[in-house]
Amino acid sequence: MKKSDIRILLVDDEPDILEIVKYNLSSEGYEVFTAKNGVEGVAKAKKKKPHLIILDVMMPEMDGIEACEIIRGTTGLENTIITFLTARGEDYSQVAGFDAGADDYITKPIKPKVLISKVKALLRRLKENTVQHEDIVKVGNIVINREEYKIVNNGQEMVLPRKEFELLALLTSKPSKVFKREVILDRVWGNEVVVGGRTIDVHIRKLREKIGDEHFKTVKGVGYKFVL
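Per chain, the residues get numbers from 1 upward, laid out in the order the sequence is written. Only residues with pLDDT of 70 or above have their local features reported here, since the model is predicted, and side-chain atom pairs are shown and tallied only from 80 upward, although totals for entire chains, interfaces and linings are computed over all residues. Each side-chain value is derived from all of the structure's non-hydrogen atoms; neither hydrogens nor water enter the calculation.

Engineer: Go over helix α3 (residues 64–72), please, and point to the residues and values.
Structural biologist: Between buried and exposed lies partly exposed: a residue is buried under 20% and exposed over 50% of the maximum accessible area for its type, with that area taken using a 1.4 Å probe on protein chains only. Where helices and strands are cited, they refer to DSSP runs of H or I of at least four residues and of E of at least two residues respectively, numbered from the N terminus. The set of residues buried in α3 consists of G64, I65, A67, C68, I71 and R72. Viewed end-on, α3 has its buried residues packed into an arc of 165 degrees, placing them on one side of the element. Pairs of N or O atoms within 3.5 Å make up the polar contacts considered here, provided that, within protein, one atom can donate a hydrogen while the other can accept it, and that residues adjacent in sequence are counted only when both atoms are side-chain atoms. Regarding α3, its N-cap is D63, as a side-chain oxygen of that residue lies 3.2 Å from the backbone nitrogen of I65 further along. Each direction from the helix axis to a C-beta atom contributes to the arc, which is the arc of those directions.

Rendered as structure tokens:
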């Protein structure tokens, strides 16, 4: 997908933020729309069907959390990528954002180049870098064979323990998406009895050692994500 085909919606009540972010994203070639509050943001999201929404949390009329929940419940917008861009960096605010259905969280102020880099990382899932053929999935330089429980990383074949493999398969199913700890526990361990939060941390540490530390990012108080 070409950059000019990618639609991005910015929702923020600060005109300066809208102007600066829109300028930088437009300069990259993206089609950018803006809204100044949650109500307007929801309306534009329904009309424009953006691929990515950058959403402020604290806004008049309707805040970003409520707007995110409405957007997530709207037919045709279920898979739209949503990231919060806000000055509020507290853990509880981030958790509320992820509970509402956000994919990521960016704290401002942020340098334009860093913002562009984060936007590109979020948009990678729209590109054709994840190819699925039955039980074989390719993500970047990693090939995952779900049927044989094998992976090939940079041309080297590896066999992972079952839970490490299932955790890797889950995280790579949506690169850059943050998976909450409870979701990971449910999807990977299900109803198995003796599983605590530290179990996830241990498995992530082992995957970092085997696959590469740079691919696994911790979102404090929330969970983990896989990045290319």
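Still more ground to cover, so stick around.
Engineer: Please set out unusual backbone geometry residue by residue, giving values where relevant.
Structural biologist: A positive phi angle, close to 50 degrees, is found at K49, a residue other than glycine. With respect to the helices and strands, the residue K49 is situated in the loop between α2 (38–48) and β3 (52–55). A residue is classified by how much of its surface remains accessible, and K49, at 35% relative accessible area, is partly exposed.

Engineer: Account for the nonpolar core, with residues named and values stated.
Structural biologist: In globular proteins that are soluble, nonpolar side chains generally tend to be buried together. Counting residues in each nonpolar core, the largest one holds 25 residues, and the members touching the most others are I53, L55 and F84. Throughout, a residue-residue contact means that at least one pair of heavy atoms, one from each residue, lies within 4.5 Å. Beyond its immediate sequence surroundings of up to four residues, L55 is in contact with V11, G64, A67, C68, I82, T83, F84 and L85. Working definition of a nonpolar core: buried Ala, Val, Leu, Ile, Met, Phe, Trp, Tyr and Cys residues. They are joined through side-chain atoms within 4.5 Å.

Engineer: Which residues make up the packing of helix α1 (residues 15–27) against helix α5 (residues 112–123), and what values go with them?
Structural biologist: Relative orientation of the contacting elements α1 and α5 amounts to 60 degrees, with a least axis distance of 10 Å. Between α1 and α5, the angle falls in the class oblique. In terms of crossing hand, the pair formed by α1 and α5 is right-handed. Residues V21, N24 and L25 of α1 form the contact with α5, whose own contacting residues are P112, L115, I116 and V119. Among the residues forming the contact of α1 with α5, the class breakdown is six nonpolar, one polar and no charged. For helices, the fitted axis covers only the stretch in contact; all axes are lines through C-alpha atoms, and the angles between them, taken along N-to-C directions, range from 0 to 180 degrees. Angular relationships are summarised with four words: roughly parallel below 35 degrees, roughly antiparallel beyond 145, roughly perpendicular across 65 to 115, and oblique for the angles in between. Note: crossing handedness is left-handed where the near helix turns anticlockwise from the far helix by less than a right angle, and right-handed where it turns clockwise. Amino acids outside the nonpolar list (Ala, Val, Leu, Ile, Met, Phe, Trp, Tyr, Cys, Pro) and the charged list (Asp, Glu, Lys, Arg) are all regarded as polar, and Gly is one of them.

Engineer: Tell me what's going on with the side chain of E166, and back it up with residues and numbers.
Structural biologist: Tracing the chain through its elements places E166 in helix α6 (residues 162–172). We classify E166 as buried; its relative accessible area is 17%. Within the local environment of E166, its side chain forms a polar contact with the side chain of K163, the two groups lying 3.3 Å apart. Beyond its immediate sequence surroundings of up to four residues, E166 is in contact with Y149 and V188.

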